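Secondary and tertiary structure notes
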Amino acid sequence: MTQESRSFCRFCVALCGIRVTTAGAEVVAVKGDPEHPGSRGYTCAKGRSLGRWHHHLNRIRSPQVRRGSELVATTWSHALQDAAHRLNECTLASGPDSVGVYLATASSFDAAGRWAGERFARVSGSRSKYTATSIDTPCKPLVSLLMSGFPGLVPVLDEERCTLTVFVGCNPVVSHGHLNAFPDPVVRLRNLATSPRELWVVDTRRTESSRLATGSLTPRAGTDFAIFAYLVRELLHQGTFDQQYVAKHTQRTDLQLLSELLDEWNLAQTSAVTGCPAKDLSDLLTAVRRHRRISVQTGTGTTMSRTANLTEWMVWTLQIITGSYDSPGGMWFHPGFIRQLHTRIKPNHVAPKPQSGPKSRPEVKVWGDEYPCSVMADEIEAGNLRALIVLGGNPMSAFPNTERMRRVLQRLDALIVLDVVETETTALATHILPTKGQLERPDIPYFVDQFNLDCSTQYSPAIVTPTWDVRSMWWIMAKLAEYLGMSILPPSISIDSSDDDLLGAIAGRAAASFDEMKSRRYLKTTPVFGWVTDNVLPERRWRLVPTELTEQLADWRRLVPPSGLVATSRRQHTHLNSQHPAPSPRPSEGRTATLHPTTALHYGVKDGQELVITSAYGELRTKALLSDSINPDSISLPHGWRDANVSMLTTEHVVDQLTGMVAQTAIPVTIRPLSD
Ligand SMILES: Nc1nc2c(c(=O)[nH]1)N[C@H]1C(S)=C(S)[C@@H](COP(=O)(O)OP(=O)(O)OC[C@H]3O[C@@H](n4cnc5c(=O)[nH]c(N)nc54)[C@H](O)[C@@H]3O)O[C@H]1N2
Ligand SMILES: Nc1nc2c(c(=O)[nH]1)N[C@H]1C(S)=C(S)[C@@H](COP(=O)(O)OP(=O)(O)OC[C@H]3O[C@@H](n4cnc5c(=O)[nH]c(N)nc54)[C@H](O)[C@@H]3O)O[C@H]1N2
Ligand code: SF4
Ligand SMILES: [Mo]
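Residues numbered from 1 in each chain as written. Chains lettered and ligands numbered in written order. Predicted model: local features only at pLDDT ≥ 70, side-chain atom pairs only at ≥ 80, totals over all residues. Heavy atoms only, no water.

A short note on the overall build of the chain
- When its secondary structure is counted, the chain shows 25 helices and 26 strands.
- In terms of overall dimensions, the chain is globule-like: its C-alpha atoms have a radius of gyration of 24 Å, near the 26 Å expected for 676 residues.
- Based on the C-alpha atoms only, the size of the chain along its principal axes is roughly 70 × 65 × 55 Å.
- By residue count, 64% of the 676 residues in the chain fall in the buried class.
- Sequence separation of 24 or more characterises 74% of the internal contacts of the chain that already satisfy a separation of 6 or more.
- Roughly 25100 Å² of accessible area belongs to the chain as shown, and the carbon and sulfur atoms make up 50% of that amount.
- Across the chain, the mean location of the 71 positive side-chain charges is 2 Å away from that of the 67 negative side-chain charges. (Helix = DSSP H or I, 4+ residues; strand = E, 2+ residues; numbered from the N terminus. Rg over C-alpha atoms; globule rule 2.2 N^0.38 Å. Buried < 20%, exposed > 50% of the residue type's maximum accessible area, 1.4 Å probe, protein only. Contact = heavy atoms within 4.5 Å. Areas by Shrake-Rupley, 256 points an atom, 1.4 Å probe, with all protein chains shown as cover. Lys, Arg positive; Asp, Glu negative; His and termini not counted. Charge placed at Lys NZ, Arg CZ, Asp CG, Glu CD.)

Structure (structure tokens):
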């Protein structure tokens, strides 16, 4: 007997509605839910392979504890008590900062689990908190903080009304978006490109998204900021910006200063630095003037480069001076269906001040309550970080300098990993604590609901009962805390409460009651405009020229890559970072490096041939895929492959001075064919 249940996919921020066919504990099929208001029946290969992921051959079936070189299956009470004992020893000997947590991608999709992980970090008093944000997009909270005084603003395009949309280093047809989620991306992008609307894509390749666009630019990697500096300069010089908005919501002296700072970004210099034809740049400028408002979405193509902060700053500035922010037809700021930021944030909120990094890397600036991932290896080697708890992450794949990472993780007194399948990181663990997978737990989007294109929420019950000896992530963290003498749960919740009980407590401030969320399954309120201007901005004015960013701008020549070949990063359809739920049927979906035929000829590389890519920090081997869709000076590498891990080319020591972000795109490299 089979049964069909409604749920939503939690691999990526698109959160598509799915229908799951089960036979007892077996997941037989997963398909799109046509009645789901957000995804309208759409799913991608990863979502449809959820059953395959659920029954993964390498699923972790019970808790395990290391004995010498072996990981041995054990009981929950032994695994947790042993882990707690080790953590306690570290804290007693070296203080609370010696125990760290890494809250990573998959934890963001487990509302109760992530909530418990955050609480654990706070209650333990440890400063050693790391999240995947610092290897993905720290420029976004930084620019939000420096320009508005609050780090958590998420601009969302006004999908119904915006007429000019620009994606920069973002390929939603494959990724489904960066901080704005695009379920059913082809249909949505076609809508955004239907006349009189215009859709522009700025990417180092001609991508699946740029093929749907009305205009595109293919700049040299790492030079995107210049395009936006040029647009802002031109609008300011000619007075074709939203004068009324600017007079009301910016400082007059800032405008003058900005104009002077950007003076060099005329058409000729912008074209020379970016490699974009002057005509294409002025066409984009004409489009901005024609539409007056603009919605820009940056992605990892810009947020991972050394000019990340500059690009984000210029993009925000363009949207501010065109009056596009917090305004219909431009972008609104997502308050979160559950967080309801617009009702909670007060005009007199206090902006965080930068502090110096941890003992081993004091030069790194820290703006909030977490250290950048780039300092972790040094912290471990210096003996400051002695134990690490990993929640839904894979540092062996995602962190720079893979070989050093391997060495330092093995030095830890405890490496406690909460995951659903075995990974390169669980192989090094002292304790593996298997968590429920997404079909085994009820859930709501909590940490990711600000990324929806509308202000919505959804609820899924658990679809199948776990077959293996796995537990809820929140329960594992709460039990570990209990053994350490800490309490992390809200007063109304105990260790014996259900997953739903904790979700109900977390959703306490939401725009609807948890009971309503459970019974209605999908709920939506309208976008909120104006709350940032009214409650967040000091004196209702944006800061257009933060000193930290003007200093970086003065240094732009050092931040753009030197001429020559650079490695850039890209996502692929069938896997999400290091998680590979779906088979890879297309040749371009393998661990291939895309390069232009001219570049290949220059380096003597043939299509399909194995090649060696070398950076100043390491090398990797992969296969060449020739395509004229890419700039001749870029080579495009997919991230998340075990045997061609691009983190072998990066270093934790070349980081952004303001955020500690590792450069993961626009990395200077050379290539050679692998001789037989
Ligand atoms: N299928 C799939 N979906 C995913 C993921 C996945 O692994 N697979 N990962 C998820 C995660 S964690 C994230 S953060 C998001 C990321 O979402 P996106 O940022 O949209 O990710 P990509 O699809 O890699 O798009 C980045 C684009 O930037 C381009 N690029 C690289 N360097 C430069 C540059 O210097 N300038 C410009 N202009 N372009 C550049 C690349 O060619 C690529 O097309 O995707 C999420 N969704
Ligand atoms: N060189 C280079 N490095 C990069 C990038 C790049 O493009 N190039 N991309 C960066 C980006 S954008 C990101 S977001 C980071 C990602 O960095 P991480 O978050 O560390 O890496 P993931 O591969 O997403 O790891 C997710 C893990 O969660 C596990 N998992 C899946 N479902 C569940 C679940 O329900 N519960 C639990 N507990 N675990 C689960 C998976 O098995 C997997 O091991 O990597 C970054 N690193
Ligand atoms: S786009 Fe794919 S992976 Fe993302 S939520 Fe939808 S089905 Fe899941
Ligand atoms: Mo990411």
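Topic: helix 10 (residues 252–261)
- Restricting attention to buried positions, one finds in helix 10 the residues D254, L255, L258 and S259. On an axial view of helix 10, the arc spanned by its buried residues comes to 135°, and they lie on one face.
- The inward-facing, buried residues of helix 10 abut helix 8 (224–238), helix 9 (243–249) and helix 14 (308–321). (Arc of directions from axis to C-beta.)

Side note on the pairing of strand 22 (residues 592–595)
- Every second residue of strand 22 is oriented toward a common face, with T592 and T594 on one face and A593 and L595 on the other, all of them buried.
- When strand 22 meets strand 24 (residues 619–626), the two strands line up parallel, connected through four bridges. Along strand 24, the bridge assignment pairs T594 with L625.
- Looking at chain direction, strand 22 and strand 25 (residues 634–638) are connected through two bridges and run antiparallel. Within the sheet, the bridge partner assigned to L595 lies in strand 25 and is I635. (Pairing = 2+ DSSP bridges.)

Examining the nonpolar core
- Residues F228, W313, I389 and W542 are the most contacted members of the largest nonpolar core, which totals 135 residues.
- If one sorts the elements of this core by residue count, helix 8 sits on top with 10 residues.
- Formed jointly, this core draws a minimum of three residues from each of two domains, domain 2 (64–131 + 365–443 + 461–520) and domain 3 (139–338 + 531–554).
- Discounting chain neighbours no more than four positions away, the residues touching W313 are V143, M147, L258, L261, L544, V545, P546, L549, T550 and L553. (Core = buried A, V, L, I, M, F, W, Y, C linked by side-chain atoms within 4.5 Å. Domains from an automatic or database assignment.)

Examining the sheet that holds strand 6 (residues 99–103)
- Pairing in this open sheet of seven strands is mixed, and the strands run 5-4-18-17-16-6-7 from one edge to the other. The outermost strands of the open sheet, each flanked by one partner alone, are strand 5 (70–73) and strand 7 (129–131). On average, each strand axis in the sheet is tilted by 20° relative to the strand beside it, whichever way the strands run.
- Pairing of strand 6 with strand 16 (residues 387–391), which is carried by five bridges, proceeds in the parallel orientation. What sits directly across from G100, in strand 16, is L388.
- Each of strand 16, strand 17 (414–419) and strand 18 (431–434) is contacted by helix 19 (residues 473–483), which is oriented at about 160° to strand 16, the strand it contacts most. (Axes fitted to C-alpha atoms, helices over the stretch in contact; angles between N-to-C directions.)

Some thoughts on the pairing of strand 10 (residues 198–202)
- For strand 10, a buried count of five out of five residues is recorded, marking the element as mostly surrounded by other parts of the structure.
- Pairing geometry for strand 9 (residues 164–168) and strand 10, over five bridges, is parallel. Bridge pairing in strand 10 links V166 to W200.
- Pairing between strand 10 and strand 11 (residues 215–217): three bridges, direction parallel. When the bridges of strand 11 are listed, V202 appears paired with L217.

Points about the site of ligand 2
- Close to ligand 2 lie 30 residues, the nearest being Y102, T105, N394, D419 and S578.
- Within the side chain of Y102, an N or O atom sits 2.6 Å from an oxygen atom of ligand 2.
- In this structure, an oxygen atom belonging to ligand 2 sits 3.0 Å away from a side-chain N or O atom of R441.
- Protein contact buries 97% of the 930 Å² of open area that ligand 2 shows by itself.
- Here the residues of the shell around ligand 2 sort into 12 nonpolar, 13 polar and five charged.
- Composition of the shell around ligand 2 by domain shows at least three residues from each of domain 2 (64–131 + 365–443 + 461–520) and domain 4 (561–673). (Near = heavy atom within 4 Å. Polar contact = N/O pair within 3.5 Å; in protein donor to acceptor, adjacent residues only side chain to side chain. Nonpolar A, V, L, I, M, F, W, Y, C, P; charged D, E, K, R; others polar.)

Points about the domain arrangement of the chain
- On domain assignment, one finds that the chain holds domain 1 (3–54), domain 2 (64–131 + 365–443 + 461–520), domain 3 (139–338 + 531–554) and domain 4 (561–673).
- Using C-alpha coordinates to define each centre, domain 2 is positioned 31 Å away from domain 4.
- Its largest share of buried area at the contact with domain 4, domain 2 owes to S374, S397 and P400, together 31% of the area lost on that side.
- Run the count over domain 2 and domain 4 and you get two salt bridges.
- In this structure, the salt-bridge partner of E652 is R404, at a minimum N-O distance of 2.5 Å.
- Linking domain 2 with domain 4 are 13 residue pairs in polar contact (both at pLDDT 80 or more), by the criterion used here.
- Broken down by element, the side of domain 2 that touches domain 4 gets its largest block of residues, three residues, from helix 17 (residues 395–398). (Buried area = accessible area lost by both parts, 1.4 Å probe. Salt bridge = Lys/Arg side-chain N within 4 Å of Asp/Glu carboxyl O.)

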